[in-house]
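Secondary and tertiary structure notes
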Amino acid sequence: MEYISHSPRETEEFAARFARLLQPGDVVAFRGSLGAGKTAFVRGMASALAPDAEVSSPTFALVNEYDGTLPLWHFDMYRITSVEDVDSTGFYDYLDMGGVLAVEWSENIEAALPDSSIFVSLEPVPGGSDTDRRITISGKEAARFEASLL
């Protein structure tokens, strides 16, 4: 499933609609280069799940926790270089806590992700403006979102 966003605000609005369809235990695994809009997408998710949250990239903290109707745990795996390093983040503990995990730089921990992970890829649109992004949702659970988001 693909969606074209023309601004960070549109990305956040799409992400809020997406988040309203999430369920306890969902893992949202982000793929995209630096500046692709991953944190903007999480900001949109948080606006639906934890409206009082002030979302920032958890680059140095590794995980930010946002309490709301459905807890949202925002991971940044940019500095994680091996699956063994995943243990130090508490990632496996969060999987069993009944909230939603949003994982930036998920490609660094691909082997640790559950099979049911929902993948969100963000990439610039060739020939588009600097803020245009192609958002692709994939994975075994992707079909659950298609009818409601398009």
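Residues numbered from 1 in each chain as written. Predicted model: local features only at pLDDT ≥ 70, side-chain atom pairs only at ≥ 80, totals over all residues. Heavy atoms only, no water.

**Details of the environment of Ala 19**
- With respect to the helices and strands, Ala 19 occurs in helix H1 (residues 8-19).
- Sequence separation of Ala 19 and Ile 118 is 99 residues, and the distance between their C-alpha atoms is 12 Å.
- Among all residues touching Ala 19, those that are not within four sequence positions of it are Met 45, Ala 48 and Leu 49. (Helix = DSSP H or I, 4+ residues; strand = E, 2+ residues; numbered from the N terminus. Contact = heavy atoms within 4.5 Å.)

**Quick notes on the packing of aromatic side chains**
- The full count for this structure, using the stated rule, is 10 aromatic pairs.
- Its end group placed over the ring of Tyr 3, Arg 17 keeps NZ or CZ at 6.0 Å from the ring centre.
- The side chain of Lys 38 reaches across the aromatic face of Trp 105, ending 4.2 Å from its centre. (Phe/Tyr/Trp six-rings, centres within 6.5 Å; stacked < 30°, edge-to-face > 60°. Lys NZ or Arg CZ within 6 Å of the ring centre and 35° of its normal.)

**Some thoughts on the confidence of the model for the chain**
- Mean pLDDT over the chain works out to 88, with 95% of the residues at or above the 70 mark.
- Mean pLDDT values for the elements of the chain range from 76 in helix H5 (residues 143-149) up to 96 in strand S2 (residues 27-31). (pLDDT = per-residue confidence, 0-100.)

**Some thoughts on unusual backbone geometry**
- Look at Trp 105: it is not a glycine, yet its phi comes out positive at around 60°.
- Following the sequence through the fold, Trp 105 ends up in the loop between strand S5 (100-104) and strand S6 (118-124).

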